[in-house]
Amino acid sequence: IFILPVAAGFLPEGNEYRAVIPWFPLVALPYLLKPMRTYFAMPYGILKLTRPLPFYYLAVSAVKILLLFVLVRPWGITGVVTATVVASVVEILLLRNGLRGQFDFNFNAFKIILAPLVALIVMAALEPVFGETQPMVLHGAYMMMAAGLLSFLYRRELRPMLPYNN
């Protein structure tokens, strides 16, 4: 997100790729939910409980198709991203609730849920406002936010790697 706009400056004028670069942060938003989805999907494979999955994904697909139908015309690419994020949240909720009573999820809610949601909300709120006028400052702020969040979240794991660790 930070390097790509700089690299786009080296593309020749009129190149079609330049027109796509501003959309990258918005299109990247659904990927912030990927670790959450993977975390709640893993037990289905481990426990060989795949029978409900087609029904979950049918519901997720129906939600996404409905939202695409409603949101794409008025919002364009933003509608596609919104539909994808909402469908991902529905998928995560179905996966998590589908194993209630069969699998005990023990996790750090801040690492798995809150930190990705904070990043998603910050990026979704700031990108439309400052994305075109101050992209380098904004993307630099994203990087600092991510580094700060990750340093805080994984401080115990990082402590043994620090050179001044006693």
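Before any of the text, the structure's been laid out above.
These numbers come from a predicted model, not from an experiment.

Caption draft 1: Spatial organisation of the packing of aromatic side chains. Counted according to the given criterion, the structure contains eight aromatic pairs. Plain terms: the ring middles of Tyr39 and Phe105 are 5.9 Å apart, the flat faces sit at 45 degrees to each other, and that makes the pair tilted. Residue Tyr39 is located in helix H4 (residues 34-46), and its partner Phe105 is located in the loop between helix H6 (77-98) and helix H7 (109-130); the two are separated by 66 residues in the primary sequence. Measuring from ring centre to ring centre gives 5.4 Å for Tyr39 and Phe107, while their planes differ by 65 degrees; the resulting arrangement is edge-to-face.

Caption draft 2: Here's a closer look at the packing of helix H5 (residues 53-75) against H6. Packing of H5 against H6 leaves a shortest axis separation of 8 Å and a crossing angle of 160 degrees. Overall, the two elements H5 and H6 adopt an arrangement that is roughly antiparallel. In this structure, the crossing between H5 and H6 has a hand that is right-handed.

Caption draft 3: Up close: H4. For H4, built from 13 residues, the straight-helix expectation of 18 Å at 1.5 Å per residue is met to within 8% by its first-to-last C-alpha distance of 18 Å. Along its length, H4 shows its largest kink, about 25 degrees, at Phe40, and proline Pro43 lies within four residues downstream of that point. If you check which residues of H4 are buried, you get Met36, Phe40, Ala41, Pro43 and Tyr44. Against the buried residues of H4 lie H5, H6 and H7. Two residues or fewer past H4, Lys48 is found with a positive phi of approximately 55 degrees.

Caption draft 4: Seen up close, the pattern of salt bridges. Here the structure, examined in full by the defined rule, presents two salt bridges. A salt bridge links Glu91 to Arg37; its shortest N-O distance comes to 2.6 Å. Linking Glu91 in helix H6 with Arg37 in helix H4, this pair joins segments that are 54 residues apart in sequence. For Glu157, the salt bridge identified is with Lys111, shortest N-O distance 2.8 Å. Of this pair, Glu157 sits in helix H9 (residues 155-158) while Lys111 sits in helix H7, and the two are 46 residues apart along the sequence.

Caption draft 5: Just the environment of Leu32, in detail. Relative to the helices and strands, Leu32 is located in the loop between helix H3 (24-28) and H4. Judged by relative accessible area, Leu32 falls into the partly exposed class, the value being 24%. For Leu32 and Gly140, which are 108 residues apart along the polypeptide, the C-alpha to C-alpha distance reads 17 Å. When neighbours within four sequence positions are excluded, Leu32 is seen to be in contact with Pro116, Ala119, Leu120 and Met123.

So, how was this worked out
Residues numbered from 1 in each chain as written. Predicted model: local features only at pLDDT ≥ 70, side-chain atom pairs only at ≥ 80, totals over all residues. Heavy atoms only, no water. Phe/Tyr/Trp six-rings, centres within 6.5 Å; stacked < 30°, edge-to-face > 60°. Helix = DSSP H or I, 4+ residues; strand = E, 2+ residues; numbered from the N terminus. Axes fitted to C-alpha atoms, helices over the stretch in contact; angles between N-to-C directions. Parallel < 35°, antiparallel > 145°, perpendicular 65-115°, else oblique. Left-handed = near helix turned anticlockwise from the far one by under 90°. Expected span 1.5 Å × (residues − 1). Bend = angle between axes of the 7 residues up to and from the residue. Buried < 20%, exposed > 50% of the residue type's maximum accessible area, 1.4 Å probe, protein only. Contact = heavy atoms within 4.5 Å. Salt bridge = Lys/Arg side-chain N within 4 Å of Asp/Glu carboxyl O.

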